[in-house]
Amino acid sequence: MTTREIFNQVYMAANRSDAHSKWLTDAADVCDQDIRVCLDGSGKPVASLMALPYQFAYQDAMLDAVAIKYLSTRPEARARGAASHLIVDTLAAARSRGKTLCVLVPPRRHLFFYFDRFSFATVFYADELRYTASHVFDGSCGDIIEPTAQMLASLEKKFGCGIVHSAADFARIRDELSTIPNSRILGATDGVGDAILVATTSDDNVAVHLLLADTEPLAMKVLSELRRLEPHKTFVVDTPPLSGDKNFLRSRGMARIVDPLPMLKAMAAKHKGLHHIIKITDGLLSENTGFYLVADGDCEKYDCCDTRADLEVSIETFTSLVFSKRNVGEIFNLPTCRPYLSII
């Protein structure tokens, strides 16, 4: 049995069969090396997941990341540690393959606390905006067009910190959306800038999971087109976390740094005046525990250091810190920024 067939078997045992399941198990373009499987004592596969590769924009550099998706455990094997073992194994494998961080979106709110135990930190937020069914999106400009992978990647790079989709990533997401009832992906352009929107409609509302735009009028253009298609529903719109207003921020996803060195090298390369000694402790990936010397536009890792560290943190605290808002970073003299998880 192939790795893909094993994944399919576990996924279908743990999930209901529908159009999306059929796409994932039969048609989704995924490499075997991106599938992780956990076996029980008898060699039977009991848990599986996909760790899909992505690029992550950070401090003007592109880092290698993986997105953990479709974590599934056979019903008879639940509450026995199979999923936990699989996640730890996935983190270690990601590091050994040269990845810098793992990201995920917990499918249920209570699972944010579950992933805490693996040193994931809640760092992805969105400004959640709500519009009544009677709201009219005025002030739009541009033309509605078919969105492209280049449009999405350009808008993600403009934000400057977060997942950046390749053409293959975009094609996979479009295929996946085609299996989800009442889902839409819309684009707009004015010849200079672009906007892109991804939304799904339920009985209660229209949920806009992604809205990126070069200008406010272009954002209004795709929203007004969505209003034309859905004239009688409330809109719940997730946008990048730019307002800084906690009344609008909603937790969206988590990240786990599996190798701090590439992140600190990127930070040092952009901010050449930085000089820090940071001690990081990682209880799951011991290779990360050590002293990181940031100086002269570079970073080196040492197992010990005669000089007192400027900052001593666990890996989860370090993850939360580097992805915090700027005024938090200023307290520690570190260039920090909130990332944005567009869609994975």
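Right above here is the structure, for reference.
Residues numbered from 1 in each chain as written. Predicted model: local features only at pLDDT ≥ 70, side-chain atom pairs only at ≥ 80, totals over all residues. Heavy atoms only, no water.

Q: Which parts of the structure should I look at to understand the environment of glutamate 5?
A: Within the secondary structure, glutamate 5 sits in helix α1 (residues 3–14). A sequence separation of 21 residues divides glutamate 5 from aspartate 26, and the C-alpha atoms of the two residues are 9.4 Å apart. Polar side-chain contacts of glutamate 5 include one of 2.9 Å to the backbone nitrogen of threonine 2. (Helix = DSSP H or I, 4+ residues; strand = E, 2+ residues; numbered from the N terminus. Polar contact = N/O pair within 3.5 Å; in protein donor to acceptor, adjacent residues only side chain to side chain.)

Q: Would you explain the pairing of strand β1 (residues 35–39) in this entry?
A: Sheet faces and side chains relate simply in a regular strand, where the side chains alternate between the two faces. Two strands pair when backbone bridges link them, and β1 and strand β2 (residues 45–58) are joined in this way by five bridges, in the antiparallel orientation. Its bridge partner lying in β2, arginine 36 is registered against leucine 49. In this antiparallel pair of consecutive strands, β1 and β2, the connection spans five residues, and glycine 43 shows a positive phi of 90 degrees. (Pairing = 2+ DSSP bridges.)

Q: Before we go on, may I ask you to explain the state of the cysteines in this structure?
A: Joining two cysteines, a disulfide is a covalent bond between their sulfur atoms. Evaluated as defined, the whole model comprises zero disulfides. No disulfide involves cysteine 38; its nearest neighbouring cysteine sulfur is the one of cysteine 102, lying 17 Å away. Owing to a relative accessible area of 7%, cysteine 38 belongs among the buried residues under this scheme. Left unpaired, cysteine 102 is separated from the closest cysteine sulfur, that of cysteine 161, by 16 Å. (Disulfide = S-S within 2.5 Å. Buried < 20%, exposed > 50% of the residue type's maximum accessible area, 1.4 Å probe, protein only.)

Q: How should the nonpolar core be read in this particular structure?
A: Ranked by size, the top nonpolar core spans 60 residues in total, and within it Phe56, Tyr58, Val103, Leu264 and Phe323 carry the most contacts. Non-local contacts of valine 103, meaning those with residues more than four positions away in its chain, are made with Val66, Ala67, Ile68, Phe124, Ile163, Met254, Ala255, Leu341 and Ile344. Grouped together as the second largest cluster of nonpolar side chains are 25 residues, Ala77, Ile87, Cys102 and Tyr114 included. (Core = buried A, V, L, I, M, F, W, Y, C linked by side-chain atoms within 4.5 Å. Contact = heavy atoms within 4.5 Å.)

Q: I would appreciate a short explanation of unusual backbone geometry in the present structure.
A: The phi angle of most residues is negative, glycine excepted, and most peptide bonds adopt the trans form. Phi at serine 119 takes a positive value of approximately 70 degrees, unusual for a residue other than glycine. Tracing the sequence through the fold places serine 119 in the loop between α4 (111–116) and β5 (121–131). Accessibility expressed as a relative area gives 8% for serine 119, which makes it buried.

Q: I tried to follow the packing of α1 against helix α2 (residues 19–27) on my own but got confused; where do I start?
A: The geometry of a pair of packed helices is captured by two quantities: the angle between their axes and the separation between those axes. Where α1 contacts α2, the axes come no closer than 9 Å and their chain directions differ by 165 degrees. Comparing their axes, α2 and α1 come out roughly antiparallel. Between α1 and α2 lies a crossing whose hand is left-handed. Facing Arg4, Phe7, Asn8, Tyr11 and Met12 of α1, the residues of α2 in contact are His20, Ser21, Leu24, Thr25, Asp26 and Ala27. Looking at the contact of α1 with α2 residue by residue, the class counts come to five nonpolar, four polar and two charged. (Axes fitted to C-alpha atoms, helices over the stretch in contact; angles between N-to-C directions. Parallel < 35°, antiparallel > 145°, perpendicular 65-115°, else oblique. Left-handed = near helix turned anticlockwise from the far one by under 90°. Nonpolar A, V, L, I, M, F, W, Y, C, P; charged D, E, K, R; others polar.)

Q: Would you take a moment to explain the sheet that holds strand β13 (residues 276–281) for this structure?
A: Two modes of strand pairing occur in sheets, parallel and antiparallel, and in both the strands are linked by backbone hydrogen bonds. Taken together, four strands build an open sheet; the order of strands is β15-β14-β13-β16 and the sheet is mixed. The strands lining the two open edges of the sheet, one partner per strand, are β15 (298–302) and β16 (311–314). Ignoring strand direction, the axes of neighbouring strands in this sheet form an average angle of 25 degrees. Of the strand pairs in this sheet, β13 and strand β14 (residues 290–295) are connected by five bridges, and their pairing is antiparallel. For histidine 276, the partnering residue across the bridge sits in β14 and is valine 294.

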